[in-house]
Amino acid sequence: MDDIVKAAMAKWPNVPDCFGWLGLDARGNWYMRDDRVQAAGPFPASKGSLLQHEKLIEFIQRNYAADAQGRWYFQNGPQRVYVELEATPWIWRLQPDGRVLSHTGSPVQVLASLLDEGGKLYLATDLGLGLVHSADMALAADRVEAGDWNPEMVLFEELRTRGRFLQSPKASNDKKPA
């Protein structure tokens, strides 16, 4: 986490959390979701504006984490901005040299591979559970054929428990009694 973010959290400790305003799609893209977009429907049916500002994306990715309930967020100064996930909190990019990187650019060690009922491939890593980017499926197939990965069949519903993540922190927050 950036030092400037830590300082802001210490200076303003009681800033309310923000829900529904940021989404991460199944390709590792970030989306800003204003009131109009949120009113149009849940993420990813109503995605919002694709973030393209490189420095903003880097800032989000450096300050991306999860709380104890498995809700992923971006710590924006003193405010936690919870992230709506299309799939998983991590999207894996496979490299031709065999490395696996997160959508944030962090290298990971693969611990297990999983295949859901829809044919999507997930990797359990030292960083957590995530979806293999759709553009990297040829490289993934090579790893499976080489015997590097032996995907375990799993239902997508089980992945949220296994990976300890909530896809929609907004939905879980909306259900809390007032």
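Residues numbered from 1 in each chain as written. Predicted model: local features only at pLDDT ≥ 70, side-chain atom pairs only at ≥ 80, totals over all residues. Heavy atoms only, no water.

1. Some words on the nonpolar core
Piece 1. With 36 residues, the main nonpolar core has Leu 22, Trp 30 and Tyr 64 as its most contacted residues.
Piece 2. Elements with a contribution of two residues or more to this core: strand 1 (18–24), helix 3 (54–62), strand 5 (72–76), strand 6 (79–85), strand 7 (90–94), strand 11 (121–125), strand 12 (129–132) and helix 5 (156–163).
Piece 3. If we skip the residues at most four places from it in the chain, Trp 30 touches Leu 22, Gly 23, Leu 24, Ser 49, Leu 50, Leu 51, Ile 57, Ile 60, Gln 61, Tyr 64, Val 83 and His 103. (Core = buried A, V, L, I, M, F, W, Y, C linked by side-chain atoms within 4.5 Å. Buried < 20%, exposed > 50% of the residue type's maximum accessible area, 1.4 Å probe, protein only. Helix = DSSP H or I, 4+ residues; strand = E, 2+ residues; numbered from the N terminus. Contact = heavy atoms within 4.5 Å.)

2. Some thoughts on the environment of Leu 123
Piece 1. Topologically, Leu 123 is positioned in strand 11.
Piece 2. On the accessibility criterion, Leu 123 (0% relative accessible area) is buried.
Piece 3. Here the alpha-carbon distance between Leu 123 and Pro 151, two residues 28 residues apart in the chain, equals 8.8 Å.
Piece 4. Those residues in contact with Leu 123, other than ones at most four positions away along the chain, are Trp 92, Leu 94, Val 100, Val 110, Ala 112, Ser 113, Gly 128, Leu 129, Gly 130, Val 132 and Trp 149.

3. Looking at the pattern of salt bridges
Piece 1. In this structure the tally under the stated criterion is nine salt bridges.
Piece 2. In this structure, the salt-bridge partner of Asp 25 is Lys 47, at a minimum N-O distance of 3.4 Å. Here Asp 25, found in the loop between strand 1 and strand 2 (30–32), pairs with Lys 47, found in the loop between helix 2 (35–40) and strand 3 (49–50); they are 22 residues apart in sequence, far enough to count as distant.
Piece 3. Look at Lys 47 and you get partly exposed, because its relative accessible area is 26%.
Piece 4. Of the charged contacts, one joins Glu 86 and Lys 47 as a salt bridge, the two residues approaching to 3.7 Å between their closest N and O atoms. Here Glu 86 is found in the loop between strand 6 and strand 7, whereas its partner Lys 47 is found in the loop between helix 2 and strand 3, with 39 residues between them in sequence.
Piece 5. Residue class for Glu 86 comes out partly exposed when judged on its relative accessible area of 28%. (Salt bridge = Lys/Arg side-chain N within 4 Å of Asp/Glu carboxyl O.)

4. Digging into the sheet that holds strand 3
Piece 1. The strand order across the open sheet built from six strands is 3-2-1-6-5-4, with neighbouring strands paired in mixed fashion. Bordering the open sheet on either side are strand 3 and strand 4 (64–66), each of which pairs with just one other strand.
Piece 2. Looking at chain direction, strand 1 and strand 6 are connected through four bridges and run parallel. Within strand 6, the residue paired with Gly 23 across the bridge is Glu 84. (Pairing = 2+ DSSP bridges.)

5. Topic: the sheet that holds strand 8 (residues 100–102)
Piece 1. Strand order in the open sheet formed by seven strands is 9-8-7-12-11-10-13, with mixed pairing between adjacent strands. Because the sheet does not close on itself, it has two edges, and the strands there are strand 9 (107–108) and strand 13 (152–153).

6. Looking at the pairing of strand 5
Within a regular strand, the side chains alternate between the two sheet faces.
Piece 1. Where burial is concerned, most of strand 5 is hidden: four out of the five residues are buried.
Piece 2. In terms of strand pairing, strand 4 meets strand 5 through three bridges, oriented antiparallel. Bridge pairing in strand 5 links Ala 66 to Trp 72.
Piece 3. Two successive antiparallel strands, strand 4 and strand 5, enclose a turn made up of five residues, where Gly 70 displays a positive phi of approximately 85 degrees.
Piece 4. Sheet analysis places strand 5 next to strand 6, joined by four bridges and oriented antiparallel. In the sheet register, Asn 76 faces strand 6, and the bridge partner there is Gln 79.
Piece 5. Counted along the chain from strand 5 to the antiparallel partner strand 6, the turn is two residues long, and its residue Gly 77 has a positive phi close to 60 degrees.

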